[in-house]
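Below, each chain spelled out in residue letters.
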Amino acid sequence: MGSSKEAAATEEEVNPLTGSRFSRRYQRLLEKRKTLPLWAKKKAFLDTLAEHQVIVVAAPPGSGKSTLIPQFVIEGGYPTSSGKQIACVQPRRIVATALSHRVAEQMDVKVGEEVGYSVLFKDCSSSKTIVKYITDGVLLRETLSDQLLQNYEVIILDEVHLRTLATDILISYLRNLLSANSRPDLKLIIMCTQFEVKHFRDYFKVARVLKSIPSLHPVDITYEQDPVRDYVAKAIEIVEKILVSEPTGDILLFLTGLEEIETCCWKLGKVIADLGDKVGPVRVLPLHSTMFVNDQLKKVFKSAPPRTRKGGPAGRKVVVSTDIAESSLVIDGIIYVIDCGYMKQKVYNAQLCIETMLILPISRASAQRRAGCARRLGPGKCFRLYQEKFFTAFTPQVSPEILRANLASTLLLMKRLGIDDISHLDLMDPPPPETIARAIETLSCLGAFDGEGTLTKFGELMSEFPLDPQMSRMIVSSPQFHCSNEILSIAAMVSVPNCFLRPMEDQQAADESKRNFSHKNGDHLTLLNVYHAYELFSDDPSWCDKNYVNQAVLQSAVSVRSQLVSIMKKIKLELCSTDVDNCDYYDNIRKGLLAGYFMQVARLELWDCYTILKTHRVVNLHPSCCINSRPQWVIFNDFVMASHNFIRMITDVRVDWLMDVAPNYYTITTV
């Protein structure tokens, strides 16, 4: 009898996935997981999963659904077939990557083995992988090679309430797949907050809803009595007040973007230094979607710093974040939340053919999710930097991205899948007809569609690249200008976050360093200079610091370029360059850039402003542009709405090239 108990105890201590004994860390994390509200629902979840093909799990942020549900699925005996996987789909790259690391820790396995992730241009998984965290865009592209998604036995769609374009397309695609009984063995789990559950239950008429999980702790919400003119300054004021007068607990501050976050972190550092011994040690940490899973990001999830002296004030951390902190990326220790009430949102104007980032008010559901971040550890406080009447005026839910996005990339992918009409997907929210028409027109101008809207051979090549159609066209056209190697390097640099660092305390030196890389013909060639320099000095660990460039970004660019080279070889496009000593070297690269971005051309007018050639919109060059002159003709990547309308990421081109590169788009009269 005693020996059988000992054998059972020994068996419990062995990880069935690896055959090794569980570590002490695993036991600590297990005890912590058991305190999460969702843990009590494990049996109910597994019973529901066994009986139903589609489940909607409605649970508040912090309940543990993004980490526990995949592990419950494994405990339920899935996947039942060798070689199959469980896909946990996330809208954001950084969330998918960070969650895979967290779940690997909880399961006592290595990232890339039993638990892996797959995001744009980076696949960290293997034949051992059982749970794969994957972005919605990457899974959507997998349908090109596997329309039935046979690799997966269970697909978990997380954060569906964010209503990203790729998630909406996936939801519709999977619904049609199940309705046609094409994958009777596939289980689909939809995870959202309690505010959106009815919408998804009604859309999946066969879906079973797992009963709502109770909220964690109460949260006290405070509104401003008067309108706030400068919410960054007000937020800093409230952080100082919390540090001095509120009980121990970490702080989460929501702002809209990278520049605001960097400015706020710098100012907070000065405020905290001035407070001196009035407060304990405080660690101020940024959090945004362009970060990488490195030591800087890991600090966000670590505990606050310890007291510096016995009996002194406790340490705290202040996380300054975009709306990404509303997501499954749970930050332990948060008791106080400061909500600015705004977020950045990408909006496409089909009439003007312009896509830009706008700062817009959040939704009421988003405000509730932000407040919910304060209740995970215990009773919390949320300071809203707006009046209560503004909260009631917010829209109930976030606007689905499909209603405000450029659909060119999506239509190209759908055509490749054999879906000629996007309306056949029976989407939850069909996009405006004008947006569809503009996307078809764009793809026709780029040569991806013929006059009848049929996918061309050129369009098939473009669809191989997981990039926007203009960049794909630029790459596919580059061999004819003998510059595909350089175009791939530029595409990689444009596809990663900004590589230039500009610390608040050292801006002049950073600007001088950037000027050393600047090319007279514009920003794309400046990025090419940085890439080439990094290739030369990548063995020098101090080179990036000395030149104020982000090493993690450049490493990512190298990885992206490697992936693009693989695609070029797969579809048999030539990798070539013009001799660097040839006088046509840079002209050929500029022509290659123009081949993709000929629809985004601006002309310098007599009054010293630029106008976008096709829409006649008056714009100017963004202050971040490297070019010192005022060239007559430029192409641009981005349109920015701020105090003025700006174009960003520009390159000088020549007017005679327009008719050579895009004779069907431009005539002598239009230029």
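Procedures and definitions
- Residues numbered from 1 in each chain as written.
- Predicted model: local features only at pLDDT ≥ 70, side-chain atom pairs only at ≥ 80, totals over all residues.
- Heavy atoms only, no water.
- Helix = DSSP H or I, 4+ residues; strand = E, 2+ residues; numbered from the N terminus.
- Rg over C-alpha atoms; globule rule 2.2 N^0.38 Å.
- Buried < 20%, exposed > 50% of the residue type's maximum accessible area, 1.4 Å probe, protein only.
- Contact = heavy atoms within 4.5 Å.
- Areas by Shrake-Rupley, 256 points an atom, 1.4 Å probe, with all protein chains shown as cover.
- Lys, Arg positive; Asp, Glu negative; His and termini not counted.
- Charge placed at Lys NZ, Arg CZ, Asp CG, Glu CD.
- Salt bridge = Lys/Arg side-chain N within 4 Å of Asp/Glu carboxyl O.
- Pairing = 2+ DSSP bridges.
- Phe/Tyr/Trp six-rings, centres within 6.5 Å; stacked < 30°, edge-to-face > 60°.
- Axes fitted to C-alpha atoms, helices over the stretch in contact; angles between N-to-C directions.
- pLDDT = per-residue confidence, 0-100.
- Core = buried A, V, L, I, M, F, W, Y, C linked by side-chain atoms within 4.5 Å.
- Disulfide = S-S within 2.5 Å.
- Arc of directions from axis to C-beta.

Trainee: Tell me what's going on with the overall build of the chain, and back it up with residues and numbers.
Mentor: Along the backbone of the chain there are 24 helices and 21 strands. In terms of overall size, the chain behaves like a compact globule, its C-alpha atoms giving a radius of gyration of 26 Å where 671 residues would be expected to give roughly 26 Å. C-alpha extents for the chain along the principal axes are approximately 90 × 65 × 55 Å. Counting over 671 residues, the chain shows a buried share of 55%. Taking as baseline every contact in the chain between residues at least 6 positions apart, the subset at least 24 positions apart corresponds to 72%. Approximately 29,900 Å² of the chain is accessible, and the part contributed by carbon and sulfur atoms is 50%. For the chain, the distance from the average position of its 78 positive side-chain charges to the average position of its 76 negative side-chain charges is 5 Å.

Trainee: Let's hear about the pattern of salt bridges: which residues, and what values?
Mentor: Between side chains of opposite charge, a pair can form as their charged atoms come close. Applying the stated criterion across every chain, the model contains 35 salt bridges. Taken together, the shared-partner salt bridges in this structure form one network comprising Asp587, Arg590, Asp652, Arg654 and Asp656.

Trainee: Break down the pairing of strand β13 (residues 334–339) for me, with residues and values.
Mentor: When you tally the buried positions in β13, you get six out of six residues, the bulk of the element. Alignment of strand β10 (residues 250–254) against β13, held across five bridges, turns out to be parallel. Within the sheet, the bridge partner assigned to leucine 252 lies in β13 and is valine 337. Relative to strand β16 (residues 380–384), β13 is paired through four bridges, and the arrangement is parallel.

Trainee: So, the packing of aromatic side chains: which residues are in play, and what are the values?
Mentor: Throughout the structure, instances matching the rule amount to 16 aromatic pairs. Plain terms: the ring middles of tyrosine 223 and phenylalanine 391 are 6.2 Å apart, the flat faces sit at 55° to each other, and that makes the pair tilted. Linking tyrosine 223 in strand β9 (residues 219–223) with phenylalanine 391 in helix α13 (residues 388–393), this pair joins segments that are 168 residues apart in sequence. Tyrosine 223 gets classed as buried once you look at its relative accessible area, which sits at 18%. Pairing tyrosine 585 with tyrosine 586 gives two aromatic rings, centres 4.9 Å apart and planes at 80°, and the pair type is edge-to-face.

Trainee: An account of the sheet that holds strand β11 (residues 282–287) is needed here, citing residue identities and associated values.
Mentor: Across a sheet, paired strands are connected by hydrogen bonds in the backbone, their directions being either parallel or antiparallel. If you walk across this open sheet you meet the six strands as β9-β16-β13-β10-β12-β11, and the pairing is parallel. The open sheet terminates on both sides in strands that have one partner only, identified here as β9 and β11. In this sheet, adjacent strand axes meet at a mean angle of 15° when their direction is disregarded. Relative to β16, β9 is paired through five bridges, and the arrangement is parallel. Its bridge partner lying in β16, valine 219 is registered against glycine 380. Against the sheet, helix α9 (residues 231–245) engages β10, β11, β12 (316–321), β13 and β16, with an angle of about 160° to β13. Sitting on the sheet, helix α10 (residues 258–275) touches β10, β11 and β12, and the angle it makes with β11 is about 175°.

Trainee: Can you tell me about the confidence of the model for the chain, naming the residues and giving the values?
Mentor: Residues with a pLDDT of 70 or more make up 97% of the chain, whose mean pLDDT is 91. For the stretch residues 1–11, pLDDT sits under 50, and the model shows zero contacts to residues farther than four places along the chain or on other chains.

Trainee: A description of the nonpolar core should follow, citing residues and the corresponding values.
Mentor: If you look at the biggest cluster of nonpolar residues, it comprises 114 residues, and the most contacted ones within it are Ile155, Leu157 and Ile475. Ignoring any residue separated from it by four or fewer positions in sequence, one finds isoleucine 155 in contact with Ala87, Val89, Leu139, Leu149, Leu174, Leu186, Lys187, Leu188 and Ile189. With 56 residues, the next largest nonpolar core counts Phe72, Val131, Ile189 and Ile334 among its residues.

Trainee: Outline the side chain of glutamine 345, listing residues and values.
Mentor: Within the fold, glutamine 345 resides in strand β14 (residues 342–349). Owing to a relative accessible area of 11%, glutamine 345 belongs among the buried residues under this scheme.

Trainee: Now, about the state of the cysteines: what can you tell me, with residues and values included?
Mentor: Under the criterion given, the structure shown has zero disulfides. The structure places no disulfide on cysteine 373, whose sulfur is separated from the nearest cysteine sulfur, that of cysteine 382, by 8.9 Å. Cysteine 373 sits in the buried class, given a relative accessible area of 1%. Between cysteine 583, a free cysteine, and cysteine 483, which holds the nearest cysteine sulfur, the sulfur-to-sulfur gap is 15 Å.

Trainee: An account of the environment of lysine 110 is needed here, citing residue identities and associated values.
Mentor: Locating lysine 110 in the fold gives a position in the loop between α5 (93–107) and β3 (115–119). As a C-alpha pair, lysine 110 and threonine 18 span 92 residues in sequence and 9.8 Å in three-dimensional space. Once residues lying within four places of it in the same chain are set aside, the contact partners of lysine 110 are Ala104 and Val115.

Trainee: Go over helix α2 (residues 24–33) with me, naming the residues and quoting the values.
Mentor: Where α2 is concerned, the buried positions are Tyr26, Leu30 and Arg33. Looking straight down α2, one finds that the buried residues subtend no more than 60° of arc, so they occupy a single side. Away from its buried face, by an angle of more than 90 degrees, α2 presents the exposed residues Arg24 and Arg28. Tucked into the core, α2 has its buried residues touching α4 (65–75) and α5.

Trainee: So, the sheet that holds strand β6 (residues 152–157): which residues are in play, and what are the values?
Mentor: Strands sit in the order β4-β3-β5-β2-β6-β7-β1-β8 across an open sheet of eight strands; the sheet is mixed. Sheet topology places β4 (122–124) and β8 (208–210) at the edges, where each strand pairs with a single neighbour. This sheet shows a mean twist of 20° between the axes of neighbouring strands, independent of strand direction. Pairing between β3 and strand β5 (residues 131–135): four bridges, direction parallel. Bridge pairing in β5 links tyrosine 117 to tyrosine 133.

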